[in-house]
Amino acid sequence: MPLQRILIDQARFKALAPETELHSALESAEGWLPAQLPGCVHLDLLRNGQIPDPFFSLNEEAVQWIGESGWLYECTFRLSAEQLAQPHIDLCFDGLDTFAEVYLNGTHVLSSQNMFVPQRIAAKTHLREGENRVVIRFESALRRGKALEAQYGVRSVWNGDPSRVYVRKAQYHYGWDWGPTLLTAGIWRPAYLEIYEARLAELYVQPTLSDDLTYAELTATVHIEGEAEAVRLALYDPLGMLIESVQIAPDKSQARHVFALRQPRLWYPHGYGQQARYHVVAELIGEAGTLDRRDLRLGIRRVRLVQEQLADQDGTSFYFEVNNVPIFCGGANWIPADSFTPRLTVTRYHEWLRLAVEANMLMLRVWGGGIYEDEAFYELCDELGLLVWQDFMFACGLYPAHPEFLENVRAEATAQLKRLRHYACIVLWCGNNEDYQIAESFGLYDPDFNGDFTQTAFPAREIYERLLPQLCAALDPTRPYWQGSPYGGKSVFDQTIGDRHTWEIWHGNMADYQDYPHYSGRFVSEFGMQGLPILPTIEAFTVPEERTLESAVLSYHNKAGQGQMRLAHYLERNVGHAESLPDYIYLTQFVQAEAVAAAFEGFRLGWRGESRRYIGGALVWQLNDCYPVISWSLVDYFLRPKPAYYRAKRALAPLMLILRSEGQKVTCWAVNARLEPIEADLTLDCWSLDGTLLHQVRRAVQIGANQAVALLDQESPSDSSCIWSARLWQGEQLIARAARFPEPPRSVDYSAARVKVLALGDGRYQVSTDRPVRGVWLEAEDAEGRWDDNMLDVLPDDPQTVCLVAGIGGVRQVRWYGGTLSIH
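Treat the numbers as computed from the prediction; the structure is a model and nothing was measured. (Residues numbered from 1 in each chain as written. Predicted model: local features only at pLDDT ≥ 70, side-chain atom pairs only at ≥ 80, totals over all residues. Heavy atoms only, no water.)

S.K.: Looking at this model, I keep getting lost on the environment of N48. Mind explaining?
M.R.: Residue placement: N48 occurs in the loop between α2 (41-47) and α3 (59-62). Separated by 15 residues in sequence, N48 and L33 have C-alpha atoms that sit 7.3 Å apart. (Helix = DSSP H or I, 4+ residues; strand = E, 2+ residues; numbered from the N terminus.)

S.K.: Hey, could you run me through helix α11 (residues 461-475) in this one?
M.R.: Count 3.6 residues to each turn of an α-helix, and residues three or four apart come out pointing the same way. The end-to-end C-alpha separation of α11 is 20 Å, in line with the 21 Å expected for 15 residues at 1.5 Å each. Largest kink in α11: about 30°, centred on L467, with the proline P469 one to four residues after it. Considered for burial, the residues of α11 that qualify are R461, E462, I463, Y464, L467, L468, L471, C472 and L475. Residues of α11 that are buried in the fold lie against β13 (198-209), α9 (403-420), β26 (426-430), α10 (435-441) and β27 (481-482). (Expected span 1.5 Å × (residues − 1). Bend = angle between axes of the 7 residues up to and from the residue. Buried < 20%, exposed > 50% of the residue type's maximum accessible area, 1.4 Å probe, protein only. Contact = heavy atoms within 4.5 Å.)

S.K.: Just to check I follow, could you spell out the pairing of strand β7 (residues 107-112) for this structure?
M.R.: The two faces of the sheet receive side chains in turn, since in a regular strand these alternate between them. Note that strand β6 (residues 99-104) and β7 share five bridges and pair antiparallel. Bridged to Y103 within β7 is H108. The antiparallel hairpin formed by β6 and β7 contains two residues in its connecting segment, where N105 sits at a positive phi of about 50°. (Pairing = 2+ DSSP bridges.)

S.K.: What should I look at first to understand the sheet that holds strand β38 (residues 755-761) in this one?
M.R.: Backbone hydrogen bonds hold the strands of a sheet together, and the pairing may be parallel or antiparallel. Read from one edge of the open sheet, four strands run β38-β39-β43-β41, paired in antiparallel fashion. Each edge of the sheet is formed by a strand with only one pairing partner; in this case those strands are β38 and β41 (786-787).

S.K.: Looking at this model, I keep getting lost on the nonpolar core. Mind explaining?
M.R.: If you look at soluble globular proteins, the nonpolar side chains tend to sit buried side by side. F93, L233, F320, L364, F377, F392 and Y464 are the most contacted members of the largest nonpolar core, which has 263 residues in total. If you tally residues by element for this core, the top one is helix α15 (residues 581-604), at 14 residues. Those residues in contact with F377, other than ones at most four positions away along the chain, are W334, Y349, L353, L364, V366 and V388. Membership of the second largest hydrophobic core comes to 22 residues, among which are L682, V701, I703 and A736. (Core = buried A, V, L, I, M, F, W, Y, C linked by side-chain atoms within 4.5 Å.)

S.K.: Please clarify how the pattern of salt bridges should be interpreted in this entry.
M.R.: Pairing of side chains with opposite charge becomes possible as their charged atoms draw close. Inspection of the entire model under this criterion finds 45 salt bridges. The shortest N-O distance in the salt bridge between K146 and E149 comes to 3.6 Å. Residue K146 and its partner E149 are located together in helix α6 (residues 141-152), separated by three residues, close to a single helical turn. Owing to a relative accessible area of 35%, K146 belongs among the partly exposed residues under this scheme. With its nearest N and O atoms 3.6 Å apart, the salt bridge here joins R613 to E610. For E610, a relative accessible area of 60% puts it in the exposed group. Within this structure, R5, D90, R120 and E194 form a network of salt bridges that share partners. (Salt bridge = Lys/Arg side-chain N within 4 Å of Asp/Glu carboxyl O.)

S.K.: Help me understand the side chain of R461, please; the structure alone is not making it clear to me.
M.R.: Structurally, the position occupied by R461 is in helix α11. For R461, a relative accessible area of 4% corresponds to the buried category. Of the polar contacts made by the side chain of R461, one reaches the backbone oxygen of D446; its length is 2.8 Å. For R461, the residues in contact, after removing those within four places along its chain, are Y436, Y445, D446, P447, F449, F453 and R466. (Polar contact = N/O pair within 3.5 Å; in protein donor to acceptor, adjacent residues only side chain to side chain.)

S.K.: Sorry if this is basic, but what is going on with the packing of helix α7 (residues 346-358) against helix α8 (residues 375-384) here?
M.R.: A packed helix pair is summarised by two numbers, namely the angle formed by the two axes and the spacing between the axes. It is the contact of α7 with α8, at a shortest axis distance of 10 Å, that shows an interaxial angle of 40°. Here α7 lies oblique to α8, going by the angle between them. Here the hand of the crossing between α7 and α8 comes out right-handed. Mapping the contact onto sequence places V346, Y349, H350, L353, R354 and V357 in α7 and A376, F377, L380, C381, E383 and L384 in α8. A breakdown of the residues in the contact of α7 with α8 according to their chemical character gives nine nonpolar, one polar and two charged. (Axes fitted to C-alpha atoms, helices over the stretch in contact; angles between N-to-C directions. Parallel < 35°, antiparallel > 145°, perpendicular 65-115°, else oblique. Left-handed = near helix turned anticlockwise from the far one by under 90°. Nonpolar A, V, L, I, M, F, W, Y, C, P; charged D, E, K, R; others polar.)

Laid out in structure tokens, this is it:
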């Protein structure tokens, strides 16, 4: 009989006080409500009308009792005599959140204390024909964490309740500076029975690729539970053609075979080649036929983290090389896309990741305070060609390292390494987020100490410097491990070694965003600026009277410490005060867009070619949101891009121009991420504020492959403020443009410009102006409207055409810095 899987997707649940005896709670008919699996208690309560929407208004405060309560879930399923006759029946939970005691037909069968560790129980001896009952008692993670904290001591954290460091649960559930405090509980990933004669417990295929990329070996290893006659292994090429099929007799519940490939088709990040993936199928064969089957898709690629001495600067490089191609990794940080992750669908993941690809992003960093993502996330990254920097789930805290905690972490890391190691997209395992930084901030990190970390004030170094690298080397030797982010040198703030989080802008001394290039590092793995979402998103969590500049709800939905004050600082420095909520939305969005562009452009200029790759990547904080909020995201919770998204898209284009000014001199740079040099014609124009062309230069230029290069220097023809524009041409085709405006923006009045928008049909619009204008934002009639480009800088002789690629209707209003235009 082939393996049979029975999904457990219906249950009932109720609250359970800590002192309540389990038997009496089960026998009582009171309080039970239907539940949906996978899920969590908040979603079940919301579905049953027991709580208000936690995302709306101030409702988050009204549901805090949920995280302080215990919860009881009961599931039933039926088994036939034929099913019970099978040799093995396992009860499986892919995720229990978090402290759970499991009872099967009245017998205690499992204790679980880590939401990231799947559980499997040999259940046959506890089962019976007909109805069976699974009962799961979830203890409050907050209460349990507080008890552990009382036992082991209070530890320092940034964000959330400090007891969280003792709990192996998604840390953002405790609240973060961009998300609510919603402490979930429940069966958050699938629960099911597996009934089998024998099963494929694991299929692992480890690829090795020669340095010259001409030869690969795929070592397939199968682990078996139960009795079987043979294992059949088949390898198919990326087009589905069979390459080789073998049948092997198991040896001590294991089978192994090496597939050899000459001139293999390789997996590349998008823009550098195809996302070719081979298909490996394993079948377990018994007397009556196939007992179990597993398959996986596998990209073959060679990954290196290159840390080499630089030609003319101190320190070492930090960049990724894929298939011997050095790649500047521009992209974003990724947080869980919902506070309640069970409601994320494959379609939702696909929409998010397509947005990243369309914004020319090459890398997403799965941040260490969230979750190890669903397989759908990594499968889509493989398919779309997105590189993944994968944190282990530790963030902004001084974690413990007592023996029980270390064993818990060992089980977690082992499970996740085995689950995720076949995805080509993952190019780095990283120990944590900002744990070295918080330790350094308290004077607790001594980089020269190498003794017993567990006896120091920073005991989790035992995890990051010993436990995790050992597990990675044993279970996934195909990609590098990095101790933390940020990490490198004697200090996390070192700009010459390792990766760096650049928060001098926004946090710290709130430096000017125009100075981003001064706060670079060898790899800038975090930087960002807040901006409000569009008005329809704000309307989704407010009532009309709350949509004001003084709104307590608006302030409540900015979780950043001093968030409103910091926004006001950057408005005052750059664009002045807002008089209304729509103005406030636009001005914060304008500042965010300018800041993100200034950062990406400045950091990309550090990619200078062989031995001069001073900056190997830049990841903006953050791509997405977990609920409707004022945050650093480029795209809000409802998948609605902010203006900064479009600026980031242009700043990460494979070919782009950048204008930099110093005094009266302007320098035009080109960044070419393509692997071939480019010959083109450059036009550099200087404009007066009233739209008069003051000066023009046209020159043939050559741009080397995969590097940033200076093309042209020019002195300003005028002592007064002027605007520079650059365009790159191949024949009559415009292939890149850039503009440079006086800073700060408030130093120039753009209100006299006459901006025109002409509808061309099929969702296309032409934007033109009689004077230079910046930050032209086309607001669609449909809140779901999405453009191929937006937030434009427009010059008098260079009308730009954009297209509405999603949503219905047309343009409702046009804004630019200094003016508005209503479309009727």
